[in-house]
Amino acid sequence: MRLTVLGCAGSFPGPESPCSAYLVEADGFRLLVDFGSGSLSSLQRYAGLHAPDAILLTHLHCDHILDAVTYVVVRRYAPDGPYPALPVYAPSGAPDRLSAAYGDDGTMDDVYQFYGLQPGTFPIGPFTVTVDRVNHPVETYGVRLEHGGRVLCYSSDTAPCDALLRLAQDADVFLCEASYLDGVENPPDLHLTGREAGETATKAGAGRLLLTHLVTAWGSEAHTVESAASAYAGPLEVVRAGASYEV
């Protein structure tokens, strides 16, 4: 599998990155996991306007879905379009949420073919996908992707929870959010700190930790990395928009 980071800013676009969007490729199939604010620009820069063969939206907060709204224009009104409906795997309510954001009185069935997520394992293209509910205020799914004996886990947005630990078990690469700073009083049941991301990676036996969804306006990246390294002895780094990794 190959992972390309299209966007990694947490909660709102940062000065150097759009919000969450990750392209995972295997056997010529490209799965876009989340499609956050501003990431359509990065999709064109690093992959191509029509690169995704399917989309998986982990939850319906704006920083993980809004460019799926903008993408309607790309597929519905292209000079050589309209394009066939693209499979979208998402929490319940996604069709209504995206339509409302677009301002469409009808449906998006001409653009997206929606499949509702629920905990379990299922195929998307060549990937074996496992999702489970994680600890976030809205219906949110952590994701485990398996292909060719390799495992990529993506935390989505979550506070510490057993479901995330199961999804990350023995993952070769653990792409994990670290939105909050350690040593301060953070809102409960919302996000991870660097230390909590490191602790989860250690408990799960993850081979490599990639930190994402940092909110740079709220604190120091160096502090987050130091906190994660205090709890995880393996290789770790903060991802950047445009970075690519072999899993």
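Just so you know, these numbers come straight off a predicted model, no measurement behind them. Sequence positions are assigned chain by chain, starting from 1 and proceeding in written order. Since the coordinates come from a predicted model, pLDDT governs what is reported: local features require at least 70, and pairs of side-chain atoms require 80 or more to be given and counted, while whole-chain, interface and lining totals use all residues. Note: side-chain values were computed over all heavy atoms of the structure, leaving out hydrogens and water.

A. Seen up close, the pairing of strand β5 (residues 86-90). Within β5, four of the five residues are buried, which leaves it mostly tucked inside the rest of the structure. When β5 meets strand β6 (residues 112-116), the two strands line up parallel, connected through five bridges. Counted as the bridge partner of A90 is G116 from β6. A right-handed crossover is one whose linking path, passing over the helix from the first strand to the second, runs clockwise when the strands point away from the viewer. Only DSSP runs of H or I covering at least 4 residues are called helices, and only runs of E covering at least 2 are called strands; the numbering of each starts at the N terminus. In this view, the connection linking β5 to its parallel neighbour β6 by way of helix α3 (residues 94-102) has right-handed handedness. For each residue, the accessible area found with a 1.4 Å probe, counting protein chains only, is set against the maximum for its type, and the residue is called buried under 20%, exposed over 50%, and partly exposed in between. When DSSP finds two or more bridges between a pair of strands, those strands are recorded as paired.

B. Examining unusual backbone geometry more closely. The omega torsion of the bond from G81 to P82 falls at 0°, within 30 degrees of zero and hence cis. Among the structural elements, P82 can be located in the loop between α2 (62-76) and β5. Phi at D189 is positive, roughly 55°, even though this residue is not glycine. Structurally, D189 is set in the loop between β11 (173-177) and α5 (194-204).

C. Summary view of α3. Taken together, the buried positions of α3 are occupied by A94, L98 and S99. All buried residues of α3 project into a common sector of 125° when viewed along the axis, lining one side. More than 90 degrees from the buried face of α3, the exposed residues found are D96 and A100. The contact rule is simple, with two residues in contact once any of their heavy atoms fall within 4.5 Å. Each element contacted by the buried residues of α3 is listed here: α2, β5 and β6. A positive backbone phi angle near 85° is found at G103, which sits one or two residues after α3. The directions considered for the arc run from the helix axis to the C-beta atoms.

D. Molecular detail of the packing of α5 against helix α6 (residues 221-229). Fitted lines through C-alpha atoms give the axes, limited to the stretch in contact for helices. The angle between two N-to-C directions lies from 0 to 180 degrees. One way to put it is that α5 packs onto α6 with a least axis distance of 7 Å and a crossing angle of 30°. Here α5 lies roughly parallel to α6, going by the angle between them. Relative to α6, the crossing made by α5 is right-handed. Of α6, the residues touching α5 (which contributes G194, R195 and G198) are T224, S227 and A228. Its residues assigned to classes, the contact of α5 with α6 comprises one nonpolar, four polar and one charged. Angles are sorted into four bins: roughly parallel if under 35 degrees, roughly antiparallel if over 145, roughly perpendicular if 65 to 115, and oblique for all others. If you view the pair so one helix is near and one far, a crossing is left-handed when the near helix is turned anticlockwise from the far one by less than a right angle, and right-handed when it is turned clockwise. The nonpolar class holds Ala, Val, Leu, Ile, Met, Phe, Trp, Tyr, Cys and Pro. Asp, Glu, Lys and Arg form the charged class, and all remaining residues, Gly among them, are polar.

E. Summary view of the sheet that holds strand β7 (residues 120-124). Here seven strands make up an open sheet; going across it, the order is β7-β8-β9-β10-β11-β12-β13 and the pairing mixed. In the strand order of this sheet, the two ends are held by β7 and β13 (236-238), each with one partner. Taken over all neighbouring pairs, the strand axes of this sheet differ in orientation by 20° on average, direction set aside. Across three bridges, the pairing between strand β12 (residues 209-212) and β13 is parallel. Paired with L211 across the two strands is V238, which belongs to β13. Each of β11 and β12 is contacted by α5, which is oriented at about 155° to β11, the strand it contacts most.

F. A look at the nonpolar core. Grouping buried Ala, Val, Leu, Ile, Met, Phe, Trp, Tyr and Cys residues that are joined through side-chain atoms within 4.5 Å yields what is termed a nonpolar core. Residues L3, L31, I124, F127, V129, L145 and L152 are the most contacted members of the largest nonpolar core, which totals 31 residues. Each residue touching L152, except ones within four places of it in the same chain, is listed here: M1, L3, V24, V143, R144, L145, V173, L175 and V247. By size, the runner-up hydrophobic cluster in this structure holds 25 residues, among which are L60, V69, Y71 and V72.

G. Here's a closer look at the packing of aromatic side chains. Between the rings of Phe, Tyr and Trp (Trp by its six-membered ring), a pair exists once the centres lie within 6.5 Å; its type follows the angle of the planes, with under 30 degrees stacked, over 60 edge-to-face, and the other angles tilted. As enumerated under the stated definition, the model contains eight aromatic pairs in all. Judged by centre distance (6.3 Å) and plane angle (70°), the ring pair of F29 and F127 falls under edge-to-face. With F29 in strand β3 (residues 29-33) and F127 in strand β8 (residues 127-133), the pair connects residues that are 98 residues apart, well separated along the chain. As far as burial versus exposure is concerned, F29 and F127 are alike and both buried. With 5.8 Å between their ring centres and 70° between their planes, Y112 and F114 make a pair best called edge-to-face. The buried category is assigned to Y112, whose relative accessible area is 1%. An aromatic cluster of three or more residues is present, and its members are F12, Y180 and W218.

H. Broad picture of the side chain of H147. Within the element layout of this structure, H147 appears in strand β9 (residues 141-147). According to the relative accessible area criterion, H147 is buried, its value standing at 18%. For this analysis, a polar contact is any N or O atom pair within 3.5 Å, provided that within protein one partner can donate a hydrogen and the other can accept it, and provided that sequence-adjacent residues contribute only side-chain to side-chain pairs. Only 3.5 Å separates the side chain of H147 from the side chain of D27, close enough to count as a polar contact. Sequence-distant contacts of H147, that is, excluding residues within four places in its chain, are made with M1, A26, D27, P126 and F127.

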